[in-house]
Amino acid sequence: MTQPLTGIRILDLTHVWAGPLAVRFLSDLGAEVVKVEAPYGRGPREFPYAPLGGWLGGDDHGEPWNANAIFVKLHRNRQSLCLDLKEEAGLELFLSLVEVADVVIENFSARAMPSMGLDYEVLRRANPNIIYVTMPGFGSTGPYSDRVAFGPIVEPMSGLTQMLGYGPDSPRNSAMALMDPITGTHAYAAVVAALQRRNADGHGSRVELSLHEGGVSYSGPWLLDTQAGRAPHCVGNRHPAMAPHNVYPCKGDDAWIAVACPTEASWRALAELIGFEPLPDLESRKRDEESIDAAVAAWTCNRGKEEAAILLQEHGIAAGPVNTTPDMCADPQVQARGFFDWHDRFDTPMPGSPIQASGVKRETWTVCPLLGEHNAEVLSSWLGYDQSEVNDLTSAGILFDAPPG
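Structure report, in brief. (Residues numbered from 1 in each chain as written. Predicted model: local features only at pLDDT ≥ 70, side-chain atom pairs only at ≥ 80, totals over all residues. Heavy atoms only, no water.)

**Topic: helix H13 (residues 289–300)**
This is how it is decided: Comment: elements are numbered from the N terminus, with helices defined as DSSP H or I runs of at least four residues and strands as E runs of at least two. Any helix carries an expected span of 1.5 Å times its number of residues minus one. Categorising residues by exposure relies on relative accessible area from a 1.4 Å probe, with only protein chains included: less than 20% of the type maximum marks a residue as buried, more than 50% marks it as exposed, and the intermediate range marks it as partly exposed. Contact criterion: two residues are considered in contact whenever any of their non-hydrogen atoms come within 4.5 Å of each other.
Between its terminal C-alpha atoms H13 stretches 16 Å, which fits the 16 Å expected from twelve residues at 1.5 Å a residue. Of all the residues in H13, the buried ones are Glu289, Ile292, Asp293, Ala295, Val296, Ala297, Trp299 and Thr300. Structurally, H13 contributes buried residues whose contacts are with strand S7 (245–249), strand S8 (256–260), helix H11 (264–274), helix H12 (282–287) and helix H14 (305–314).

Below is the structure:
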């Protein structure tokens, strides 16, 4: 079945979050993806403790390397080729795959691929039309290029953390490594753009994305304030150009609702609903923000968060419940649009694609592969190897379907 990226072959060397997320977007649109994995790429044969996110289905099923729930969440629609790139024969085999691929994508440190003898010049010699995508934490140049990068470390350096928290004395990071999904989304768009350019001029390219710069690009009005000589300051859940704009307590255990009034009309509707004097302009509301917040909270705390959200929306006021993860999964909007998908071996609901477009067909999606599950299939379909050649590579310690014991 033809999908937007049908016929595009991708060699996926990514790990953790940013890279796998980018490739998941691409695979959801029909690209043929081979996950080239190291023998220990998913961890050892025996895990000393459960990984972040736990085990798929609640148990490691005797194969912990295949049951890591976070890995499974990010790796649908791939074929797995478990290949030891530290061996010369493994390196040669990989370059043979590059010859017939369209894209190679990785998010290692800046020095990782060159140290393996797989920098862009090597890949380009194997295939002049290859699109090579690299995502080092700080880019491949500059004084930080060799620094160790990790999402919660890069995020504060990007300038985003200065505006998170409840004031200048309590900066907080997002607790979710925002740099990873930001850069993963950028990388997905960059691959599509590079493919389009190659269609136009016939040339491959090297595409570089920096986690750090991805975060910097998300700087908001505070960047402009600084450039204009004004000192930005953290306002917590409030907004410099709206009042009220906050999160308020509701009836129930740790239940909250977010409310915002971006227009005079919505403010007047809210003031009438909660019985508050409709102050005439934003300036007066900002001066009396504490009293407004107290009045809104007094109204919301007597109502459940869903009830309050429905009533506020009926009056044209932007409002929504603060959902926990179970709330979000059961949300009627999410359910109605069928966002979650059941593509794994234990029918665990996983996030679907946020891209809904003609030609995007979920029925073609496949579950996250087992480690090395497609060794023979990939080498046969991409390179024409027969089973005896695959067996020889396995016996030689080049191919694996489980971490070495």
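**Some remarks on the packing of helix H1 (residues 18–28) against helix H8 (residues 179–201)**
Just so we agree on the cut-off: To obtain each axis, a line is fitted to C-alpha atoms, and for helices this fit is confined to the stretch in contact; angles are then taken between N-to-C directions over 0 to 180 degrees. Angle categories are assigned with fixed cut-offs, so that under 35 degrees is roughly parallel, over 145 is roughly antiparallel, 65 to 115 is roughly perpendicular, and the rest are oblique. By convention the crossing between two helices is left-handed if the near helix lies anticlockwise of the far one by an angle smaller than a right angle, and right-handed if it lies clockwise.
At a minimum axis distance of 8 Å, the contact between H1 and H8 shows a crossing angle of 40°. Considering their axes alone, H1 and H8 lie oblique with respect to each other. In this structure, H1 crosses over H8, and the sense of that crossing is right-handed. Here Ala18, Leu21, Ala22, Phe25 and Leu26 of H1 come into contact with H8, specifically with Asp180, Pro181, Gly184, Thr185, Ala187, Tyr188, Val191 and Val192.

**Things to note about the layout of surface pockets**
Quick note on the threshold: Using protein atoms alone on a 1 Å grid, points that fit a 1.4 Å probe yet trap it form a cavity, whereas open point sets bounded by protein on both sides within 12 Å along at least five of seven lines form a pocket; residues with an atom within 4 Å of a point count as lining. Grid points are joined across faces, edges and corners, and a volume is the space filled by probe spheres set on the points. Only Asp, Glu, Lys and Arg are considered charged in this grouping, and only Ala, Val, Leu, Ile, Met, Phe, Trp, Tyr, Cys and Pro are considered nonpolar; every other residue, Gly among them, is considered polar.
The space that makes up the second largest pocket amounts to roughly 440 Å³. Along its surface, the second largest pocket is lined by 16 residues, and Met163, Trp222, His233, Val235 and Pro240 are the ones closest to its centre. The dominant element in the lining of the second largest pocket, judged by the number of residues it contributes, is helix H10 (residues 221–227), at three residues. Here the lining of the second largest pocket is composed, by residue class, of ten nonpolar, three polar and three charged.

**What to know about the pattern of salt bridges**
Short version of the rule: Throughout this description, the term salt bridge denotes a Lys or Arg side-chain nitrogen within 4 Å of a carboxyl oxygen of Asp or Glu.
Using the criterion set out here, one finds 18 salt bridges in the structure. With a closest N to O distance of 2.9 Å, Arg206 and Glu208 form a salt bridge. Assessed through its relative accessible area of 33%, Glu208 is described here as partly exposed. Here Glu264 ties to Arg285 by a salt bridge, and the two come within 3.1 Å at their closest N and O atoms. Remark: Arg285 occurs in helix H12 and Glu264 occurs in helix H11; sequence separation between them is 21 residues. Since its relative accessible area comes to 30%, Glu264 is described here as partly exposed. Within this structure, Arg238, Lys286, Glu289, Glu290 and Asp293 form a network of salt bridges that share partners.

**Overview of the nonpolar core**
What counts is decided by this rule: As used here, the term nonpolar core means buried Ala, Val, Leu, Ile, Met, Phe, Trp, Tyr and Cys residues forming a set that is joined through side-chain atoms within 4.5 Å.
Among the nonpolar cores identified, the biggest contains 27 residues, and Leu11, Leu83, Phe94, Val104 and Leu123 are the most heavily contacted of them. Broken down by secondary-structure element, the contributors of at least two residues to this core are strand S2 (32–37), helix H4 (88–99), helix H6 (120–126), helix H17 (375–383) and helix H18 (387–395). The dominant element in this core, judged by the number of residues it contributes, is H4, at five residues. Every residue in contact with Leu123, bar those within four places of it in the chain, is listed here: Phe94, Leu95, Val98, Val104, Met113, Leu118, Ile130 and Tyr132. Residues Leu21, Phe25, Leu26 and Leu195 belong to the second largest nonpolar core, which totals 26 residues.

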